[in-house]
Amino acid sequence: MQILVDADACPVKKIIVYLAKQKNIPVTMLIDTSHELYDGYSKIITVDKQADSVDYALMALLSREDIVVTQDYGLAAMVIGKGARAINQNGLVFTDANMDKLLMERHIGQKIRRGGGRTKGPAKRTKDNDARFEEAFERLLAGPSG
């Protein structure tokens, strides 16, 4: 098992590394060339700035036993389609049961924005978000029965 992180805009990198170190689980953070990252533990992979470059690189590294941290519903859908597990920065574990709804909401939001409309952005991040992520991530690290 390894942890793969879509790290460009990931606000929980420190929590991921802290928990991974405790369990001696390798972490790979994937970023594009507009970011710099060093945490002293993770393997850092930098890819070009093309659209979805991080997603493609991450999928090439993915195995069924892995856990992926991402905010991207499309990437999460591919991850669970490959039999691995995915979680977002707020502790939402992506599953077959919630993926259709999430992808439909994303599609509707994109359609509204393409038509010139506006959609609500994410709420300001709180300590409660971090706590929910940490709790859900620890359960994922414990395994399928965790």
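Our subject is the structure that appears above.
What comes next concerns the included structure. Remember, predicted model here, so these are calculated numbers, not experimental data.

Reading the values: the criteria
Residues numbered from 1 in each chain as written. Predicted model: local features only at pLDDT ≥ 70, side-chain atom pairs only at ≥ 80, totals over all residues. Heavy atoms only, no water. Buried < 20%, exposed > 50% of the residue type's maximum accessible area, 1.4 Å probe, protein only. Helix = DSSP H or I, 4+ residues; strand = E, 2+ residues; numbered from the N terminus. Pairing = 2+ DSSP bridges. Right-handed = clockwise from strand over helix to strand, strands pointing away. Core = buried A, V, L, I, M, F, W, Y, C linked by side-chain atoms within 4.5 Å. Contact = heavy atoms within 4.5 Å. Phe/Tyr/Trp six-rings, centres within 6.5 Å; stacked < 30°, edge-to-face > 60°. Salt bridge = Lys/Arg side-chain N within 4 Å of Asp/Glu carboxyl O. Expected span 1.5 Å × (residues − 1). Arc of directions from axis to C-beta.

**Brief notes about the pairing of strand 1 (residues 3-6)**
- Residues of strand 1 alternate between two faces, with I3 and V5 on one and L4 and D6 on the opposite face, all of them buried.
- When strand 1 meets strand 2 (residues 27-32), the two strands line up parallel, connected through 4 bridges. Its bridge partner being in strand 2, I3 is matched across the sheet by V27.
- Taken together, strand 1, helix 1 (residues 13-23) and strand 2 form a β-α-β motif whose crossover is right-handed.

**Observations regarding helix 3 (residues 73-81)**
- Every buried residue of helix 3 is accounted for by G74, L75, A76, V79 and I80.
- Positive phi appears at G83, one or two residues downstream of helix 3, with a value of about 90°.

**As for the nonpolar core**
- Grouped together as the largest cluster of nonpolar side chains are 22 residues, with contacts concentrated most on I3, V5, I16, V69, I87, F133 and F137.
- Breaking this core down by element, the ones donating at least two residues are strand 1, helix 1, strand 2, strand 4 (67-69) and helix 5 (127-142).
- Among residues more than four places away in sequence, those in contact with V5 are C10, I16, V27, T28, M29, L30, L58 and V69.
- Core analysis: the next-biggest nonpolar cluster, separate from the first, contains 18 residues, V47, V54, V68 and F94 among them.

**Observations regarding the sheet that holds strand 2**
- Spatial strand order, 3-2-1-4-5-6: 6 strands in an open sheet with mixed pairing. Looking along the sheet, the strands with just one partner apiece sit at the ends: strand 3 (43-47) and strand 6 (93-94).
- Relative to strand 3, strand 2 runs parallel, the two sharing 5 bridges. Opposite I31, over in strand 3, you have T46 as the bridge partner.

**Details of the packing of aromatic side chains**
- The final tally for this structure, using the stated rule, is 2 aromatic pairs.
- Note on Y73 and F94: the rings are 5.9 Å apart at their centroids and 70° apart in plane angle, and the pair reads as edge-to-face. With a gap of 21 residues between them, Y73 in helix 3 and F94 in strand 6 connect regions that are remote in the sequence.
- According to the relative accessible area criterion, Y73 is partly exposed, its value standing at 24%.

**Digging into the pattern of salt bridges**
- According to the stated counting rule, one finds 3 salt bridges in the structure shown.
- Notably, a salt bridge pairs D130 with R125, separated by 2.8 Å at the nearest N-O pair.
- Note that R139 is salt-bridged to E135, the shortest N-O span being 3.1 Å. Placement of both R139 and E135 in helix 5 is noted, with a separation of 4 residues, approximately one turn of the helix.
- According to the relative accessible area criterion, R139 is partly exposed, its value standing at 39%.

**Re helix 5**
- The first and last C-alpha atoms of helix 5 sit 23 Å apart over 16 residues, in line with the 22 Å expected at 1.5 Å per residue.
- Listed in full, the buried residues belonging to helix 5 are N129, F133, A136, F137, L140 and L141. Down the axis of helix 5, the buried set is contained in an arc of 140°. They therefore lie on one face. In helix 5, the exposed residues that point more than 90 degrees away from the buried face are K127, D128, E135 and A142.
- In this structure, the buried residues of helix 5 make contact with strand 1, helix 1, strand 4, strand 5 (85-87) and strand 6.
- Where helix 5 ends, the next residue or the one after it, G143, has phi of about 115°, a positive value.

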